[in-house]
Amino acid sequence: MAQRSVTTTVSQVVAPPGARLGGRLITSLVASAVLQPINATLISVALVPIGQSLGACAAEIAWLVTALYLASAVGQPVVGLFVDLPSTDRPSQDTPVRMSTGRWRREVSPDDRTIHCGVVLLTVHAYAAPSATEPLAKTTITRRDVGPHDVLIKIEYAGICHSDIHTVRSEWGEAHYPLAPGHEIAGVVVETGSAVTKHRVGDRVGVGCMVDSCGKCVSCRNGEEQYCLEGMVATYDGIDRDGTVTQGGYSTHVVVAEDFVLKIPDGLDLAVAAPLLCAGITTYTPLRRHGAGPGKRVAVVGLGGLGHMAVQIAHAMGAEVTVLSQSLKKREDGLRLGADHYYATSDESTFETLAGSFDLVLNTVSAVLDIDRYLSLLAVGGTLAFVGAPAESLGFGVFPLLTNRRSLSGSMIGGIGQTQEMLDFCAEHGLGAEIEIISADRINEAYERVLASDVRYRFVIDTSTLD
Ligand SMILES: [Zn+2]
Ligand SMILES: [Zn+2]
């Protein structure tokens, strides 16, 4: 059902220092707000107990919510006062409160004139970069209210992807700050919107690199939402449909449209599953597309976060897998993860030995690559596919392509349907990322170690350490 969102920005908020929740506070807030020069005919107090019912305070604010609903129905401007409660406490008269500005949103359905009055923005703990040059720091961010098609997820683990570092440092264009990155999210559903059908409270779920798309264009209809012609909405530093900047998974909670929420199968540990939402799907999609399977010879360039997933997945698909790494340092890991062969690219003889050997060479590194040399490794009809993205433009000769009908290809993550397929595949074959779990206060240190390639193979943040 088509819906129109009406958003009112709250311009003034009054929070008595040390305020405690209760009838007197609400009365004083209303009185203060009335005295503000705000063009509004109604004041409302909205309580935000994350994942909780309004509980003990319901009676005290019931009249305000009712009045708000009625005012919305007749199209009156509305001012919302948002009271931010500690996340897990059941609210009581003595619950400390904190005030924050926010938006009140009404969703009006033109068909039945039903007005869905959402209760507010959620303020949640997060780790965010204040600017391109400062380290990430503990903070709070707001999440939109849970709309009819939204799911509220309590995040348990968030993977650290190299893209997070590029983005928060504005290396891929000027980012929006403060910015909480993270697009490898695993957690549990704690609330569902009224129209949600795919997920239930208590479900183990994941969110990857995108949280929305137009849903109508040819890419979306083909299940390739990542190539949406209107642009997918990235999980962080993206512009959401309501114009706000999206915030990622280095956070305790996230609100996501149900269509962009994946189910994490029972057999997959949440921490191990988190990196699959980016590293897993990024490598799974080109391996599927280029037919990795029995009788196919696949080379994986680089054994890092992406590469170590590519090796496991290609092996599970039945392909003969070769790792091409700079050195033989990680050889034992590579063979343990499922590689049949392991070669060092620093050894000049490797390219002669392996000339014409592969149906697919999957490049997972973002360093500059001599394309012609890697094309020479392909058999007739073979493909050199890029998932690693060097910032520089790479040159190549056409002859190595046409003399053997070779292809150059690129691939970016995968559609929602294929992401679910990948998670199910990993659960079925017992695959997962090799991880090092860290507390939130070690994120900056982890970034330095990612940049120094000193991680085997993915850092995962335990988000319970964000509170
Ligand atoms: Zn990523
Ligand atoms: Zn689209």
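Fair warning: this is a prediction, and the values are worked out from it, not measured in the lab.

Caption draft 1: The arrangement of the overall build of the protein in detail. From N to C terminus, the protein includes 13 helices and 23 strands. The contacts of the protein with a sequence gap of at least 6 include a subset with a gap of at least 24, amounting to 68%.

Caption draft 2: Region of interest: the sheet that holds strand β20 (residues 378-386). Pairing within the open sheet is parallel, and its six strands lie in the order β18-β17-β16-β19-β20-β21. Strands at the two margins of the open sheet, each flanked by one partner only, are β18 (341-344) and β21 (407-410). Averaged over all neighbouring strand pairs, the angle between strand axes comes to 20°, with direction disregarded. Inspection of the sheet shows strand β16 (residues 297-301) paired to strand β19 (residues 358-363) by four bridges, in the parallel sense. Pairing of Val300 across the sheet is with Leu362, part of β19. Seen against the sheet, helix α7 (residues 305-317) touches β16, β17 (320-325) and β19 and runs at an angle of roughly 170° to β16.

Caption draft 3: Region of the structure containing the packing of helix α6 (residues 279-289) against α7. Relative orientation of the contacting elements α6 and α7 amounts to 45°, with a least axis distance of 8 Å. Classified by the angle their axes make, α6 and α7 are oblique. Seen along the crossing, α6 lies across α7 with a hand that is right-handed. On α7, the residues that touch Ala279, Gly280, Thr282, Thr283, Tyr284 and Leu287 of α6 are Gly305, Leu306, Met309, Ala310, Ile313, Ala314 and Met317. Across the contact of α6 with α7, the residue classes break down as nine nonpolar, four polar and no charged.

Caption draft 4: Broad picture of the packing of α6 against helix α12 (residues 416-429). At their nearest, the axes of α6 and α12 sit 10 Å apart, and the two run at 100° to each other. Comparing the axis directions of α6 and α12 gives the class roughly perpendicular. Counting all contacts with α6, which are made through Gly280, Ile281, Tyr284 and Thr285, the residues of α12 involved are Gln418, Thr419, Met422 and Cys426. Classifying every residue of the contact of α6 with α12 by side-chain character gives four nonpolar, four polar and no charged.

Caption draft 5: How the structure looks around unusual backbone geometry. Note that the residue after Tyr177, namely Pro178, is joined by a cis bond; omega there is -5°. In this structure, Pro178 sits in the loop between α3 (162-168) and β10 (185-192). The amide bond that connects Arg456 to the next residue, Tyr457, takes the cis arrangement and shows omega of -5°. Positionally, Tyr457 belongs in the loop between α13 (443-451) and β23 (458-462).

Basis of the calculations
- Residues numbered from 1 in each chain as written.
- Chains lettered and ligands numbered in written order.
- Predicted model: local features only at pLDDT ≥ 70, side-chain atom pairs only at ≥ 80, totals over all residues.
- Helix = DSSP H or I, 4+ residues; strand = E, 2+ residues; numbered from the N terminus.
- Contact = placed C-beta atoms within 7 Å.
- Pairing = 2+ DSSP bridges.
- Axes fitted to C-alpha atoms, helices over the stretch in contact; angles between N-to-C directions.
- Parallel < 35°, antiparallel > 145°, perpendicular 65-115°, else oblique.
- Left-handed = near helix turned anticlockwise from the far one by under 90°.
- Nonpolar A, V, L, I, M, F, W, Y, C, P; charged D, E, K, R; others polar.

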